[in-house]
Amino acid sequence: MTFRTIKRDTTDENFRRYAAKLIDSAKKEVLVIAGEIGVYSFPDLKWAAERARKRGVSVKVYATNPPQQVVNGLLAKGIEVFKGPVMKDHFLIIDSKSFIHSKPHQPVVGKREGEVYVNKPAEARKVVKRFEKLVEKSKPLTKVDWKQDPLWKALQNPLDWKVDTHASRLDEEFA
Amino acid sequence: MVFVDTNVLLAALNEHDSDHKKGKALLESAFQRFAWLYTSDYILDECFSIAWSKTRKLPLSFRLSLIKKIDDTVQGS
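Across its full length, chain B carries 4 helices and 2 strands. Its helices and strands taken in sequence order, chain B reads β-α-α-β-α-α from the N to the C terminus. Computed over its C-alpha atoms, the radius of gyration of chain B comes to 13 Å, within 12% of the 11 Å expected for a compact globule of 77 residues. Seen along its three principal axes, the alpha-carbon backbone of chain B occupies a region of about 40 × 25 × 15 Å. Looking at chain B residue by residue over its 77 residues, the buried ones come to 29%. Taking all contacts inside chain B whose residues are at least 6 apart in sequence as the whole, residues at least 24 apart take part in 42%.

Residue and element names in this part refer to chain B. On average, chain B scores 92 in pLDDT, and the residues at 70 or more come to 100%. Of all helices and strands in chain B, the one with the weakest mean pLDDT is strand 2 (residues 37–38) (88), whereas helix 1 (residues 6–13) scores best (94). If you check the scores for this complex, the pTM reads 0.76 and the ipTM reads 0.90.

As a further point, take the nonpolar core. Of all hydrophobic cores here, the largest spans 38 residues; its most connected members are A19, V30, V32, V61, L92, I93 and F99 of chain A. Once you skip the residues sitting within four places of it in the chain, L92 of chain A turns out to touch A19, L22, V32, F99 and I100 of chain A. Counting 16 residues, the second largest nonpolar core, distinct from the first, contains A154 of chain A together with V8, L10 and L13 of chain B.

Moving on to the packing of helix 1 (residues 13–25) of chain A against helix 2 (residues 43–54) of chain A. Each packed pair of helices is defined by two parameters, the angle between the axes and the distance between the axes. Residues and elements named next belong to chain A. Where helix 1 contacts helix 2, the two axes come as close as 9 Å, and the packing angle between them is 5 degrees. In terms of orientation, helix 1 lies roughly parallel with respect to helix 2. Within the contact between the two elements, helix 1 uses R16, A19, A20, I23 and D24 and helix 2 uses D44, L45, A48, A49, R51 and A52. In terms of residue class, the contact of helix 1 with helix 2 is made up of 7 nonpolar, no polar and 4 charged.

As a further point, take helix 2 (residues 20–33) of chain B. For helix 2 of chain B, built from 14 residues, the straight-helix expectation of 20 Å at 1.5 Å per residue is met to within 8% by its first-to-last C-alpha distance of 20 Å. All of the buried residues in helix 2 of chain B are H20, G23, K24 and L27 of chain B. The buried residues of helix 2 of chain B occupy an angular sector of 95 degrees when projected down its axis, which confines them to one face. Away from its buried face, by an angle of more than 90 degrees, helix 2 of chain B presents the exposed residues K21, S29, Q32 and R33 of chain B. Buried residues along helix 2 of chain B sit against helix 5 (150–156) of chain A together with helix 1 of chain B.

With that settled, consider the pairing of strand 3 (residues 58–63) of chain A. All names here are of chain A. Where strand 2 (residues 29–34) lies against strand 3, 6 bridges are found, and the strand directions are parallel. Looking at the pairing, E29 lines up with S58 of strand 3. Tracing the backbone out of strand 2, into helix 2 and back to the parallel element strand 3 gives a crossover that is right-handed. One ladder, built from 4 bridges, connects strand 3 with strand 4 (residues 80–83); its direction is parallel. Paired with V61 across the strands is V81, a residue of strand 4.

Cut-offs and rules
Residues numbered from 1 in each chain as written. Chains lettered and ligands numbered in written order. Predicted model: local features only at pLDDT ≥ 70, side-chain atom pairs only at ≥ 80, totals over all residues. Helix = DSSP H or I, 4+ residues; strand = E, 2+ residues; numbered from the N terminus. Rg over C-alpha atoms; globule rule 2.2 N^0.38 Å. Buried ≥ 20, exposed ≤ 12 C-beta atoms within 10 Å, placed from the backbone. Contact = placed C-beta atoms within 7 Å. pLDDT = per-residue confidence, 0-100. Core = buried A, V, L, I, M, F, W, Y, C linked by C-beta atoms within 7 Å. Axes fitted to C-alpha atoms, helices over the stretch in contact; angles between N-to-C directions. Parallel < 35°, antiparallel > 145°, perpendicular 65-115°, else oblique. Nonpolar A, V, L, I, M, F, W, Y, C, P; charged D, E, K, R; others polar. Expected span 1.5 Å × (residues − 1). Arc of directions from axis to C-beta. Pairing = 2+ DSSP bridges. Right-handed = clockwise from strand over helix to strand, strands pointing away.

This is how it looks when you write it as structure tokens:
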């Protein structure tokens, strides 16, 4: 049984390392209580969530203000998303056994700090109940709005590469 | 299922590509007709490699910013 404090650092690396390790340990279920799901922009955590889904782990996210492009990505991976009232304290709960409590912070990198509880089922179950209550009052987000997708947006305002890439002749060039 | 290959991505994302209009129209139509579009790490790697090699005569700062923009687009999508 472990309890550790996650100290703040400039890139949130401590936080991310603990979170990715916990997600990778998940066997059945990952529950998340978040605000804007800002951590999903970190590739290490995004990939940990993808690995969990590939292992058949159920992933559910409760968020207060999830951007549609993030919701699109989560739904594409079979992650359930619920939107509801603001929760200042955020949690990552693994298999109703271990969890991270992220303390309220400004939504910028370098401000995350919290506590990690490993193999603390009694405490974890209390947080799971909190998650379940929040989900009861929430709205499930099930629709993909592809017009919010960064690739769709890039199509509307294509990048200026300043050179012709001769896309239709790639096979000849690389043959 | 629709799998997006390198040439379509390049043509669609690069307004200077000779097939930009065709690539853009193809990808837009795929977005509108299918719930999900698929690609792979290899395809994305190829896009980055081509962006990097084709712009080798341009300033380094421009090349780095182009790679960053492409990366932001594909990572967020």
